[in-house]
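An overview of the molecular structure
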Amino acid sequence: MTEKNLNINFQEFASVEEMLPEDRELVAEAIDAMKGSYAPYSHFNVGAAVRMSNGQIVKGANQENAAFPSSLCAERTAMYAAGARYPDKDMMSIAIAGGVYGRITDSPATPCGACRQVMAQYQTKAGHKHKMSVIMVGAKVIWKFEKVDDILPLIFDSI
Ligand code: THU
């Protein structure tokens, strides 16, 4: 038996001002996307913004349903809209922000496992051209992961 270790690197920003202009814009769009949230049950409003390889930004927000499993997270709402709108383009980056009654959480909003799996799929769809970075926004701190692999180690991406 051999002990193995997985190491994850990511960047932490104390403020959006420290970020690259492109990322700063995507963070602002994710926060703006929170306005589209429909969360009458959890009151947890989440917004997501995807930057495509053509520079376009597609936004999404969580949509809840009385039949709870029919609800959809902000990230998948945004990614599926982006995939449908620009089927020939790649997803370069996604930013996520969320909070109860629209007040952004102090620590970054972290995507659920199902959304990470969907991110992995679109990253795979882009092939070797580019990886998809993931930005998680908090009121006190912002995290940036360079690729989906960093938040979903040992990705399952083909059969
Ligand atoms: N939610 C998201 O939209 N994204 C996440 O990454 C985690 C959770 C939504 C689902 C549900 O509408 C609400 O937040 C509470 O879980």
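Structural data are supplied above this passage.
Residues numbered from 1 in each chain as written. Predicted model: local features only at pLDDT ≥ 70, side-chain atom pairs only at ≥ 80, totals over all residues. Heavy atoms only, no water.

1. A closer look at the site of the ligand
Here is the rule: Each residue is tested against the molecule or strand, and it is near if at least one of its non-hydrogen atoms lies within 4 Å. N or O atoms closer than or at 3.5 Å make up a polar contact, with two conditions inside protein: a donor-capable atom paired with an acceptor-capable one, and, for residues adjacent in sequence, both atoms drawn from side chains. Only the protein chains shown count as cover for residues, and all accessible areas are computed by the Shrake-Rupley method using a 1.4 Å probe. Elements are defined by DSSP. Helices are runs of H or I of four residues or more, strands are runs of E of two residues or more, and each kind is numbered from the N terminus. Under the scheme applied here, ten amino acids are nonpolar (Ala, Val, Leu, Ile, Met, Phe, Trp, Tyr, Cys and Pro), four are charged (Asp, Glu, Lys and Arg), and all others, including Gly, are polar.
Taken together, Ser 42, Phe 44, Val 46, Asn 62, Glu 64, Cys 73, Ala 74, Glu 75, Thr 110, Pro 111 and Cys 112 are the residues near the ligand. One nitrogen or oxygen atom from the main chain of Ala 74 is found 2.8 Å from an oxygen atom belonging to the ligand. Glu 75 places a side-chain nitrogen or oxygen 2.5 Å from an oxygen atom of the ligand. Protein contacts shield 75% of the accessible area of the ligand, which totals 370 Å² for the unbound molecule. For the shell around the ligand, the elements supplying multiple residues, two or more each, are strand S2 (44–52) and helix H2 (74–85). Class assignment for the residues of the shell around the ligand results in 6 nonpolar, 3 polar and 2 charged.

2. Some points on the nonpolar core
We apply this condition: Nonpolar cores are built from buried Ala, Val, Leu, Ile, Met, Phe, Trp, Tyr and Cys residues. Side-chain atoms within 4.5 Å join them into one set. Type-normalised accessible area, obtained with a 1.4 Å probe on protein chains alone, sets the label of each residue: buried when under 20%, exposed when over 50%, and partly exposed for intermediate values. Contacts are assigned to residue pairs that have any heavy atoms within 4.5 Å of one another.
Formed by 25 residues in total, the largest nonpolar core has its most connected members in Val 50, Met 79, Met 91, Ile 94, Met 119 and Val 134. Contributing elements (two or more residues each) for this core: S2, H2, strand S4 (91–100), helix H3 (113–125) and strand S5 (133–137). With sequence-adjacent residues up to four places away left out, Val 50 is seen in contact with Leu 26, Gln 56, Ile 57, Val 58, Ala 78, Met 79, Ala 82, Met 91, Ser 93 and Ile 94. By size, the runner-up hydrophobic cluster in this structure holds 13 residues, among which are Phe 13, Ala 49, Ile 104 and Ile 135.

3. A short note on the pattern of salt bridges
Just so we agree on the cut-off: Counted as salt bridges are all cases of a side-chain nitrogen of Lys or Arg within 4 Å of a carboxyl oxygen of Asp or Glu.
Taken as a whole, this structure holds 10 salt bridges when the rule is applied. Residues Asp 106 and Lys 140 are paired through a salt bridge, measuring 3.4 Å at the closest nitrogen-oxygen approach. With Asp 106 in the loop between S4 and H3 and Lys 140 in the loop between S5 and strand S6 (142–145), this residue pair connects regions lying 34 residues apart in the sequence. Residue classification places Asp 106 among the partly exposed residues on the basis of a relative accessible area of 32%. A network of salt bridges, in which partner residues are shared, links Glu 29, Asp 32, Lys 35 and Lys 59.

4. As for the packing of aromatic side chains
The cut-off we apply is this: Ring pairs are drawn from Phe, Tyr and Trp, using the six-membered ring of Trp, whenever the two centres fall within 6.5 Å, and their geometry is named by plane angle: stacked under 30 degrees, edge-to-face over 60, tilted for the rest.
A full pass over the atoms with the stated rule returns 4 aromatic pairs. Centre to centre, the rings of Tyr 41 and Phe 68 are 5.3 Å apart; their planes meet at 50°, and the pair counts as tilted. Placement of Tyr 41 in the loop between helix H1 (21–33) and S2 and of Phe 68 in the loop between strand S3 (57–61) and H2 is noted, with a sequence separation of 27 residues between them. Residue classification places Tyr 41 among the partly exposed positions, given a relative accessible area of 41%. Arranged with centres 6.5 Å apart and planes meeting at 70°, the rings of Tyr 80 and Tyr 122 form a pair that is edge-to-face. Residue Tyr 80 is found in helix H2, and its partner Tyr 122 is found in helix H3; the two are separated by 42 residues along the sequence. By relative accessible area, which is 40% here, Tyr 80 ends up partly exposed. You can call Tyr 122 buried: its relative accessible area is 16%. Ring pairs connect the aromatic residues Phe 10, Trp 143 and Phe 145, which therefore count as one cluster.

5. So, the sheet that holds S5
One key point about sheets: their strands pair by backbone hydrogen bonds, in either a parallel or an antiparallel sense. Applicable threshold: Strands qualify as paired when DSSP identifies two bridges or more between them. Under this scheme, a helix contributes an axis fitted over its contacting stretch, all axes are lines through C-alpha atoms, and angles between N-to-C directions fall in the 0 to 180 degree range.
Strand order in the open sheet formed by 6 strands is S1-S6-S5-S4-S2-S3, and the pairing between neighbours is mixed. With partners counted over all chains shown, the strands left at the sheet margins are strand S1 (11–13) and S3, one partner each. For this sheet the average axis-to-axis angle between neighbouring strands, irrespective of direction, equals 15°. Here H1 sits on the sheet and contacts S2, S3, S4, S5 and S6; the angle it forms with S2, its principal contact strand, is near 145°. Its contacts with the sheet place H2 against S2, S3 and S4, and it is angled at close to 30° to S2.

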